[in-house]
Amino acid sequence: MTVAAHPQATKPLRKRIADASEPYLYSAPALILIITVMLVPLVLGISYAFRDIQLLKPFSGGFIGLDHFRALAEDQAFFRALRNTLWWTGASVFLQFIFGLILALLLDKPFAGRGLAQALVFLPWAVPSFLAGLNWAWLFNPVIGPLPHWMYALGIMDAPNNILSDPHLAMWGPIVANVWWGIPFFAITLLAALQAIPRDLYEAASIDGAGPVQRFLSITLPFLAPTIAITILLRTVWISNFADLIVVMTNGGPADRTQIVASYIFTQAFKRLDFGYASAIALVLLVLLLAYSMLIVVLRQTLLNKG
């Protein structure tokens, strides 16, 4: 009795190589684009952190090792920017999440005109960040903007002054603008997660006598927990790297009270033209954000396993 040869063994070598490489050829354009647009600039940026690259020094560009990081360890302006980044990011993410969750809960209920309300809620997300910062800077200007006069009328301020020029209040200007601009992100994602929760769970809980607060804590919050974790992760990383509003509204002032790490990188690279030192700061920020991201991913996976 003869045994039939395996079909794969009867194919010519060239055909087998072509079949094996076919999936890689299909994905090659996307891989080449990712490598060209993301990986190559990342590697170059990391290499700049160990080189002296200053545009005002034509003979710079040599390898200097860890000199930038030694200078960074003694840079008080960097540590001030790092503290400001924690305040800027924490306050923005917290307020965006709270208001976004409230809006998602409200939009999850059927009511007349809900489609129009959703469009209005999501509108800030469509406004370019530069334009949003410019508009809020005008709103906080006491000459042409109404906000200082409203806050003075309500007794919040002693005089209708520009809070963007007050060292103690200046950070609240970009935070308010950032909260307004970023609420739709949380509202969209949390609303989608809310609509995925089975409605019969709420009906069963109501029959068992659970009130609105109990239903929220025992059903809504556990179902939203994984989505909350990933959205907070994404938003924290984005806001930590988001200097547009601060550059437009305060440019890091007054007296560096609104300078964050991202805007400090911008200042070093495009104002002082020291790309080596700016790359070193960016590398430190990258490491910090990677550590934070790993922590949130582990937390999210733990919540999913418990669920």
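Residues numbered from 1 in each chain as written. Predicted model: local features only at pLDDT ≥ 70, side-chain atom pairs only at ≥ 80, totals over all residues. Heavy atoms only, no water.

All right, on to the overall build of the protein chain then. The number of helices and strands found in the protein chain is 13 helices and zero strands. Listed by position from the N terminus, the elements making up the protein chain come as α-α-α-α-α-α-α-α-α-α-α-α-α. The globule rule puts the C-alpha radius of gyration for 307 residues at 19 Å, and the 26 Å found for the protein chain is more than 25% above it. The burial tally for the protein chain puts 36% of its 307 residues in the buried class. In the protein chain, once contacts between residues fewer than 6 apart in sequence are set aside, the share between residues at least 24 apart is 65%. With an accessible surface of roughly 18,200 Å², the protein chain has 71% of that area assigned to carbon and sulfur atoms. (Helix = DSSP H or I, 4+ residues; strand = E, 2+ residues; numbered from the N terminus. Rg over C-alpha atoms; globule rule 2.2 N^0.38 Å. Buried < 20%, exposed > 50% of the residue type's maximum accessible area, 1.4 Å probe, protein only. Contact = heavy atoms within 4.5 Å. Areas by Shrake-Rupley, 256 points an atom, 1.4 Å probe, with all protein chains shown as cover.)

Looking now at the environment of Ile 183. Of note, Ile 183 is situated in helix 8 (residues 172–195). With sequence-adjacent residues up to four places away left out, Ile 183 is seen in contact with Gln 96, Phe 99, Gly 100 and Leu 103.

Before going further, it helps to examine the packing of aromatic side chains. Tallied over the entire structure, the rule returns 13 aromatic pairs. Ring geometry for Trp 87 against Trp 172: centres 5.3 Å apart, planes inclined by 85 degrees, an arrangement best described as edge-to-face. Here Trp 87 is found in helix 4 (residues 76–107), whereas its partner Trp 172 is found in helix 8, with 85 residues between them in sequence. Trp 87 sits in the partly exposed class, given a relative accessible area of 40%. Centroid distance Trp 136 to Trp 180: 6.1 Å. Interplanar angle 65 degrees. Geometry classified as edge-to-face. Taken as a pair, Trp 136 in helix 6 (residues 129–140) and Trp 180 in helix 8 lie far apart in primary sequence, 44 residues in all. (Phe/Tyr/Trp six-rings, centres within 6.5 Å; stacked < 30°, edge-to-face > 60°.)

Turning next to the side chain of Ser 92. In this structure, Ser 92 sits in helix 4. Relative accessible area serves as the criterion here: at 0%, Ser 92 is assigned to the buried category. Within the structure, the side chain of Ser 92 is placed 2.7 Å from the backbone oxygen of Trp 88, a separation counted as a polar contact. At a separation of 3.2 Å, a polar atom in the side chain of Ser 92 contacts the side chain of Asn 178. Not counting chain neighbours up to four residues away, the residues in contact with Ser 92 comprise Ile 175, Asn 178, Val 179 and Ile 239. (Polar contact = N/O pair within 3.5 Å; in protein donor to acceptor, adjacent residues only side chain to side chain.)

Attention shifts here to the confidence of the model for the protein chain. Low-confidence regions, as indicated by low pLDDT, have predicted coordinates that should not be scrutinised in detail. Averaged over all residues, the pLDDT of the protein chain equals 87, while 96% of them reach at least 70. Confidence, read as mean pLDDT per element, is least for helix 1 (residues 7–10) in the protein chain (56) and greatest for helix 4 (94). (pLDDT = per-residue confidence, 0-100.)

Membership of the largest hydrophobic core comes to 46 residues, with the highest contact counts inside it found for Trp 88, Phe 140, Leu 190, Leu 245 and Met 249. At the level of secondary structure, the elements contributing two or more residues to this core comprise helix 4, helix 6, helix 7 (147–153), helix 8, helix 9 (199–207), helix 10 (212–240) and helix 11 (244–249). In terms of residue count, the dominant contributor to this core is helix 8 (twelve residues). Excluding residues within four positions of it along the chain, Trp 88 makes contact with Met 171, Pro 174, Ile 175, Asn 178, Ile 239, Phe 242, Leu 245, Ile 246 and Ile 260. (Core = buried A, V, L, I, M, F, W, Y, C linked by side-chain atoms within 4.5 Å.)

Two numbers describe how helix 5 (residues 114–122) lies on helix 8: the axes approach to 9 Å, and their chain directions differ by 135 degrees. One finds that helix 5 runs oblique with respect to helix 8. Residues Gln 118, Val 121 and Phe 122 of helix 5 pack against Pro 184, Ala 187, Ile 188 and Leu 191 of helix 8. (Axes fitted to C-alpha atoms, helices over the stretch in contact; angles between N-to-C directions. Parallel < 35°, antiparallel > 145°, perpendicular 65-115°, else oblique.)

Turning to the side chain of Ser 129, a few remarks are in order. Note on placement: Ser 129 falls in helix 6. Side chain to side chain, Ser 129 and Asp 244 meet in a polar contact 2.9 Å long. Excluding residues within four positions of it along the chain, Ser 129 makes contact with Trp 181, Phe 242, Asp 244 and Leu 245.

The linkage connecting Gly 253 with the following residue, Pro 254, adopts the cis geometry, with an omega of -5 degrees. Along the polypeptide, Pro 254 turns up in the loop between helix 11 and helix 12 (261–270). The residue Asp 256 is not glycine, and still its phi comes out positive at about 65 degrees. Along the chain, Asp 256 turns up in the loop between helix 11 and helix 12. On the basis of relative accessible area, Asp 256 is assigned to the partly exposed category, the value being 30%.

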